[in-house]
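# Structural overview for review
Now for the letters of each chain:
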Amino acid sequence: MNKKNHFIKIFFTIFTLIVFLFVLSVINYISCLKSSQKLSFYSNNNHEIMRIKIYGSSTSKEGNTISGTFSIINMNGNEIAVIERSWNGSYLGVEFNKIKLNGHKFVFPIKVYGKENIIETKKDLKKGTELRKYYSENKECLLLGNDSTKSQRKALYKISLLGMKYLSLMNFYFTDFCTIDLSECKTNRYYSITCDKNCNLFISEI
């Protein structure tokens, strides 16, 4: 096989892969649009997402660590899971994913991470504790609470997958990753992260 034919084969393979991924992304997007119609009650209401308590920081030969507890809250105001541990760094942050579909808005907690400085870096965001597993089970999203149906929980789970970076070629059109800085939180006090109907996130002391 000469170089020209080899180049054409590689180009055709890459082009086919891109087309396949694009078609798959379109199908996934249309499916998520349909799912969002079942969840207007969730996306258009103010609701609490997390409760936080930071214990404090410590220094050792291995470096700085900071500990705390994070509770993931469902629509009924009940705890789904509690994560209590320490992270490397002097400050903490929480990463969220905002998804907007056909006028409906959804917010998902993605990661708790530690950082050495108040101003975070891309390196900080690459580490941390992934949160999706704490509110996903059997392809259902448990953020809806006990009043929801199985069909609704599956619909929200499908939408939450759009928050997985690089999963879809179209993700950047309707997803937005943002972080909540916890450096101003005082130790041994409880804080709440809430989302309003416009998809804005707020942190306040309880």
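Right above here is the structure, for reference.
In this report, the structure presented in the accompanying data block is examined. Here the structure is a predicted model, which means the values were calculated and not measured. (Residues numbered from 1 in each chain as written. Predicted model: local features only at pLDDT ≥ 70, side-chain atom pairs only at ≥ 80, totals over all residues. Heavy atoms only, no water.)

## A few points about the pairing of strand 5 (residues 104–115)
Filter applied, for reference: Between buried and exposed lies partly exposed: a residue is buried under 20% and exposed over 50% of the maximum accessible area for its type, with that area taken using a 1.4 Å probe on protein chains only. The secondary structure listing takes helices from DSSP runs of H or I that are at least 4 residues long and strands from runs of E that are at least 2 residues long, numbered from the N terminus. Strands were regarded as paired on the criterion that DSSP finds at least two bridges between them.
Along strand 5, 11 of the 12 residues are buried, which leaves the element largely enclosed by surrounding structure. Where strand 4 (residues 91–101) hands over to strand 5, the hairpin turn is made up of two residues, of which Asn102 adopts a positive phi near 50°. Sheet topology note: the strand 5/strand 6 (residues 129–130) ladder contains two bridges and is antiparallel. Residue pairing across strands places Val112 opposite Thr129, the latter belonging to strand 6.

## Comments concerning the side chain of Asp196
Basically, it comes down to this: Charge counting treats Lys and Arg as positive and Asp and Glu as negative, with His and both chain ends excluded. Here a salt bridge means any side-chain nitrogen of Lys or Arg lying within 4 Å of a carboxyl oxygen belonging to Asp or Glu.
Looking at the element boundaries, Asp196 is found in the loop between strand 10 (190–195) and strand 11 (201–205). Of the side chains with opposite charge, Lys98 lies nearest to the buried Asp196, which makes no salt bridge, at 7.4 Å.

## Thoughts on the packing of aromatic side chains
The condition is simple: In this scheme Phe, Tyr and Trp rings, the latter by its six-membered ring, pair at centre separations within 6.5 Å, and the angle between planes marks the pair as stacked below 30 degrees, edge-to-face above 60, and tilted otherwise.
Under the defined criterion, the tally for this structure stands at one aromatic pair. A centroid spacing of 5.4 Å and a plane angle of 80° characterise the contact between Phe70 and Trp87, whose relative ring orientation is edge-to-face. With Phe70 in strand 2 (residues 63–73) and Trp87 in strand 3 (residues 79–88), this residue pair connects regions lying 17 residues apart in the sequence. Judged on exposure class, the residue Phe70 and its partner Trp87 are both buried.

## Some thoughts on the side chain of Glu48
Applied cut-off: By the criterion applied in these results, polar contacts are pairs of N or O atoms within 3.5 Å in which, for protein atoms, one can donate a hydrogen and the other can accept it, and in which residues neighboring in sequence qualify only through two side-chain atoms. Note on definitions: a residue-residue contact is assigned when non-hydrogen atoms from the two residues lie within 4.5 Å.
Tracing the backbone through its elements, the reader meets Glu48 in strand 1 (residues 47–60). The exposure class assigned to Glu48 is buried, which follows from its relative accessible area of 18%. A distance of 3.0 Å separates polar atoms of two side chains, one belonging to Glu48 and the other to Arg51. Those residues in contact with Glu48, other than ones at most four positions away along the chain, are Ile73, Asn74, Ser192, Ile193, Thr194 and Ile206.

## Regarding the sheet that holds strand 10
The strands that make up a sheet are held in pairs by hydrogen bonds between backbone atoms, and each pair lies either parallel or antiparallel. Note the cut-off: Geometry is summarised by axes, namely lines fitted to C-alpha atoms with helices restricted to the contacting stretch, and by angles between N-to-C directions that run from 0 to 180 degrees.
Judged by pairing direction, the sheet is antiparallel, and its five strands sit side by side in the order 3-2-1-10-11 without closing on themselves. The sheet is open, and its two edges are formed by strand 3 and strand 11, each paired on a single side. Along the sheet, successive strands turn relative to each other by an average axial angle of 20°, direction set aside. Sheet topology places strand 1 next to strand 2; 10 bridges connect them, and they run antiparallel. In the strand pairing of strand 2, Ile52 is matched with Phe70.

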